[in-house]
Each structure stands twice: as C-alpha cells, then as structure tokens.
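What follows is the residue order along each chain.
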Amino acid sequence: AVAGLCGGDFSDLREIKKQLLCVAERSRERGLQHSGKWASELAFALDPLPLSELPPPPALTEEDARDLDAYTLAKSYFDLKEYDRAAYFLRGCKSQKAYFLYMYSRYLSGEKRKDDETVDSLGPLEKGQVKNEALRELRVELSKKHKARELDGFGLYLYGVVLRKLDLVKEAIDVFVEATHVLPLHWGAWLELCNLITDKEMLKFLSLPDTWMKEFFLAHIYTELQLIEEALQKYQSLIDAGFSKSTYIMSQIAVAYHNIRDIDKALSIFNELRKQDPYRIENMDTFSNLLYVRSMKPELSYLAHNLCEIDKYRVETCCVIGNYYSLRSQHEKAALYFQRALKLNPRYLGAWTLMGHEYMEMKNTSAAIQAYRHAIEVNKRDYRAWYGLGQTYEILKMPFYCLYYYRRAHQLRPNDSRMLVALGECYEKLNQLVEAKKCYWRAYAVGDVEKMALVKLAKLHEQLNESEQAAQCYIKYIQDIYSCGEIVEHLEVSTAFRYLAQYYFKCKLWDEASACAQKCCAFNDTREEGKALLRQILQLRNQGETSSADIAAPFFLPASLSANNTPTRRVSPLNLSSVTP
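Note that the structure is predicted; figures quoted are calculated from it, not measured.

Draft legend 1. Representation of the overall build of the protein in the model. Looking only at helices and strands, one finds 29 helices and 0 strands in the protein. In the protein, the proportion of contacts linking residues at least 24 apart, taken out of those at least 6 apart, comes to 58%. If you sum the accessible surface of the protein, you get close to 29,300 Å²; carbon and sulfur atoms cover 52% of it.

Draft legend 2. View of the nonpolar core. L20, Y107, W212, F216, F217 and I221 are the most contacted members of the largest nonpolar core, which totals 187 residues. Once residues lying within four places of it in the same chain are set aside, the contact partners of F216 are F10, W38, L42, W187, L238, F243, Y248 and I249.

Draft legend 3. Local environment of the packing of aromatic side chains. If you walk through the whole model with that rule in mind, you get 30 aromatic pairs. For the ring pair Y404 and Y405, a centre distance of 5.1 Å and an interplane angle of 75° mean the geometry is edge-to-face. The structure contains a cluster of three or more aromatic residues connected by ring pairs, namely W38, W187, W212, F216, F243 and Y248. The ring of Y71 is capped by K97, whose NZ or CZ atom sits 4.7 Å from the centre of that ring.

Draft legend 4. Spatial organisation of the UniProt feature "repeat: TPR" (unreviewed entry) in the protein. In this numbering, the UniProt entry assigns the feature "repeat: TPR" (unreviewed entry) to residues 247–280, 315–348 and 349–382. Segment residues 315–348 splits into 79% helix and 0% strand. End C-alpha atoms: 8 Å apart. The span residues 349–382 is 79% helix and 0% strand, and its two end C-alpha atoms sit 8 Å from each other.

Draft legend 5. A look at the pattern of salt bridges. Scanning the entire structure with this criterion turns up 31 salt bridges. K234 serves as the salt-bridge partner of E215, at 3.0 Å between the closest nitrogen and oxygen. Remark: K234 occurs in helix 12 (residues 228–243) and E215 occurs in helix 11 (residues 213–224); sequence separation between them is 19 residues. Each of E29, R30 and K97 takes part in one network of salt bridges that share partners.

Draft legend 6. Region of interest: the environment of Y393. Tracing the backbone shows Y393 in helix 21 (residues 383–395). For the pair Y393 and T365, spaced 28 residues apart in the sequence, the C-alpha separation amounts to 8.3 Å. Setting aside residues up to four positions removed in sequence, Y393 forms contacts with I369, R373, M398, Y401, C402 and Y405.

Draft legend 7. Focus on the packing of helix 9 (residues 187–196) against helix 11. Running from N to C, helix 9 and helix 11 cross one another at 30°; their axes reach a closest spacing of 10 Å. By the criterion of interaxial angle, the relationship of helix 9 to helix 11 is roughly parallel. Helix-helix and strand crossings are classified by hand; for helix 9 and helix 11 the assignment is right-handed. Residues W187, W190, L191, L193 and C194 of helix 9 touch helix 11, and the partners they reach there are M213, K214, F216, F217, H220 and I221. Classifying every residue of the contact of helix 9 with helix 11 gives 9 nonpolar, 1 polar and 1 charged.

Parameters at a glance
- Residue positions are counted from 1 within each chain, in the order its sequence is given.
- Given that this is a predicted model, residues contribute local features only at a pLDDT of at least 70 and side-chain atom pairs are listed and counted only at 80 or more, while totals for whole chains, interfaces and linings are drawn from all residues.
- Each side-chain value is derived from all of the structure's non-hydrogen atoms; neither hydrogens nor water enter the calculation.
- Strands are runs of DSSP state E lasting at least two residues, helices are runs of H or I lasting at least four, and both sets are numbered from the N terminus onward.
- Any two residues whose heavy atoms approach within 4.5 Å at even a single point are treated as in contact.
- For the accessible areas, the method is Shrake-Rupley and the probe is 1.4 Å, while residue cover comes only from the protein chains on display.
- Throughout this description, the term nonpolar core refers to a set of buried Ala, Val, Leu, Ile, Met, Phe, Trp, Tyr and Cys residues connected via side-chain atoms within 4.5 Å.
- Between buried and exposed lies partly exposed: a residue is buried under 20% and exposed over 50% of the maximum accessible area for its type, with that area taken using a 1.4 Å probe on protein chains only.
- For Phe, Tyr and Trp, where Trp contributes only its six-membered ring, two rings pair if their centres lie within 6.5 Å, and the inter-plane angle classes them as stacked under 30 degrees, edge-to-face over 60, or tilted in between.
- We call a charge positioned over a ring when the NZ of a Lys or the CZ of an Arg lies within 6 Å of the ring centre and within 35 degrees of the ring normal.
- UniProt positions are given in the numbering used here, feature names are shortened, and annotations may be inferred rather than shown by experiment.
- We define a salt bridge as a side-chain nitrogen of Lys or Arg found within 4 Å of a carboxyl oxygen belonging to Asp or Glu.
- Each axis is a line fitted through C-alpha atoms, taken for helices only over the stretch in contact, and angles between the N-to-C directions span 0 to 180 degrees.
- The cut-offs work like this: below 35 degrees is roughly parallel, past 145 is roughly antiparallel, 65 to 115 is roughly perpendicular, and the gaps in between are oblique.
- Crossing handedness is read from the near helix: turned anticlockwise from the far helix by less than a right angle, it gives a left-handed crossing, and turned clockwise, a right-handed one.
- Charged means Asp, Glu, Lys or Arg here, nonpolar means Ala, Val, Leu, Ile, Met, Phe, Trp, Tyr, Cys or Pro, and polar covers whatever is left, Gly included.

This is the structure:
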C-alpha cells in the first residue's frame, strides 16, 4: 500500500515523487487514465530520481499470478474501449486488480451505452430519461464486498462513483472519504468528493486523512466554492513547498483569478501556461472566456485555430470555437458548436451555460431556460446558470421567479455586484423599495463593476422624495466616475449633473447650481435644461437674491469638477460637412 506523508509535510519531496510515480502506475494498470495523468504531471514538476531510488514494481500475489493471463488480455481489450469483451474474460478473477478492472469495464460499458442513447436524443434531455442499466447490479455486488471489507482503495472509489450515479449522495460521500483513508494518493476519489461538497459547512464535518494530498484537495475545493483568497494562499504554499513547475497548479491559479474576475492576472498566467505546455487543451475554454470578455478577436481566433489543429473533437475546442463565433455575433453558429461539445460530453458544464447565453441572444427563451437548467443539474454551484435563469425570467416579465434565481446566484457569489444590482432591480419591480435600496447600497459597498448601483439608488431616493440622499448618491457617483481617470460614455453622468443642478437651485446655492448647470451643457441630452437653469440663476442673482447660507449644504462638488475644468469628451464631433441635406 502507498502511505501518504503527514498533512502539509512537504519536507521529503523525493518520497512524494516516489509515491506519485507508484500511484500513477497503479492507476494506469486499472484503466484510470485521468488519475494517472494527474499524478504523472505532478511528478514531472519535481526533480528526477536517481536509478537507485526509483520505486520497484509492485509485488505480485498468488492470486495476481493466477489471473495474469486473463488480466493482460482483458486490459488490451479495455484500452481499445471494448468493455464488454474485457469484462467477459475477467469473469471469476479473484485478485484485486483484475476484479477492479472487471467491475470498471462493466460500469464503463453501461456508461457508453447511456451516452450513445443520450446523443441520439439530444433534444430537451430530461434527467433520468436515459439510465446506465448496469448500476443497480454493480451496487449490489460492490456493497456485499464492502460489507465484507474486501474492497481496496480503487474498489471503494468505484463503489462511490456507482452510488453517486444512483443519486445516493450521502452514502457516496462516506465511501469516498473511506477511499481517501485507504488510498490517500488516488486523486480521483478526492476529485469526486469535490463535486459532492456544496458548502464550507459540509467540508468541516468530513474526517479526512492527514496527508499532503489533502492540501491539493483543499485548494481545489476552495476554488470550487468561490473561496478564492484561501485557494490562492494554498496554491502559493504548494508552490513554495517545491511544486513551482507544476502546470496543474498554474492552471488552477489562472482559473481562480478568472473566478474573481481579475482578468489581467488570469490572462498573463494562461499565456505563460501556453508557453510551457503549448499543446494543452484543458482549461483553454476558460482562457477563451477571458479573451471573449475582453473582446480580443485576433487572440481568440488564433486560439480557436490552434486548438482545432491539435484536436477538433475535444469539448474544450468546441467551446472555444463557440465563443469565437459568439464574439462575432454569429449566434446560431456558436450554439451549434456548444451543441457539438455536449454531444461529446453531455455532462460538460460550461457548454450548457454558454449555450443558454446564445439562446438568450437569439431571443429563444424556452431553449435558454432548458440549457441553464441542465447546467444546474450538472453543477448546482454554477452561479452563471442561476444568473442566466434570472435574466431569462426577467425577459418573460416574471419578477417572482427572477428573484428566486438571482438570490441563488447571489448566495454563490455574495461579493459580485452584478448579482446585487439584478436583485435590487427585481425588488424594485415588486415594489419592495427598502430591500432594493439595501441591494444597491451593498453592490456599491462590495465594489460596483458596472458603476450603476449608485445611480439606481439615487433614483430610488428621488422616487421616495428623499432629495438629500439622492443628491449624496449622485455626488458619490460622479466622484467615482471621474476618479477612474477616463470619462466613460456614461449616460447617467448627465442625469446626475441635471439632478444636482436642480437640487442646489432649490437649496438656493447658486454657485454650486451654476457649476452643475454648466456641466449639463457638455452633454447633448441636458444641454437645453442646463442653459435654461443658468439663465434663471442669472436672473435671480440680478434681482439681488443672495446665495442661501442658512440651508446647510452637506456636500459640494469635488474641486476637480469646478466649472473651469470641464472634462473633455472622448467622442469626436460628427463631421456633417459631407452630408448633403
């Protein structure tokens, strides 16, 4: 058996490398390709071992020797994806390795049949419409072995997978935890646990083995649960411990930055990752999402062509091409590629969500709802799918539904201002203005991405005749916009100046009112009102109305916005000389 070093103990990297090489080999013998690959990639990031220290091949037992011929033959069929044939020749084998391959072949045979049927019916795919028929039998046989304590770490892993597929989540979690105790080095069991844990509370109650593998698991689950600060700390400590060359850790850090929308950091790490591992396809769909958000057409086009050359029948490749067409506003083509991705893997989360977005663009709300619901079935933690459902029901003018979905999205991303603004708008439609105000204020407090929360809050105060608070919000908004350094084309800037000009005018603060009115003249939609107000102020001043000092004006415009400092507009004036009337 392969034992793990104690938790967080990375002092003996040679021992860790030995363990990784050993478990990679054992995973491959059992047809567990992904776990084998994970261990190999991690081992590759550590220094090579001298010949004298290489781990010896695992010792064979009597039973292994007896089953060797059948195992060797069956494994060759298994590698060629002839699962039924492999299982047939492994009947009656007693050794752990051959028994695992026998059960795993039967499981994969059922999955393959299910996927083939699923692809044939890739319409609105209702859950439970197509089942893996082998699962029930496998569960009965594995549970007998489990009770008799005859399952090794790999057997427990397979038993857990069967339970999860049968939706017996609680039992599955217990079995996976047991699997991590029996065989701490098998990444597959840890990864399955990641997919079943829905919140931090659940994580607290798990009694996990105290091994260095637990650090990788915690970093991964923190990323999944959107606890990005903690995840990044964990990954940094793993890098410091000696895994600085690991492409797996690099990609995870990039994904973490993508999740907190630190786009520049994520992009630079992905670019570095592509330099180190140019033929890598995993996570490239996340990279393409970042390029999409930044509207980097040439880079996205290059990525799509590049992945197409490497392997065009990979889910990630289809998603990247889908994103490329979406950025070019060819939404039908984009949806087609996301569908192709789902034919390759119906449980691929990203493609369902992205397909939902495309159907939204095509105004096909029922198909969008269908796609988002699938995404949630695959992973209840996908906030984009909950948010997408909220938007869809908003289009359908069903605010109560909206509220439910936006709330779920907000629970998953408590510090994302977009969810809060969406929630606020919902409450506003339902006339729950106090709740709406709370949402907008919180959105501003957590750092408003779209700089819209304060305006919406100000308008609410306006509606409720709370003019002082409205003015305060507009001033904060203007300060925010101007402190960004560049004057964005914000339609609401003119609204803010117009309101403030009228507010100061009512308060008889002529200087401030005229400063704001002059600002209004810089915007097309408020120019006339600004000029009219300036004329009024001039008239009143000439009539000897003095600026009111007794009305305490709680706020003034920041000095940088005084009248002589009109911001230059970034948009060039229209050249009308060539236009003939």
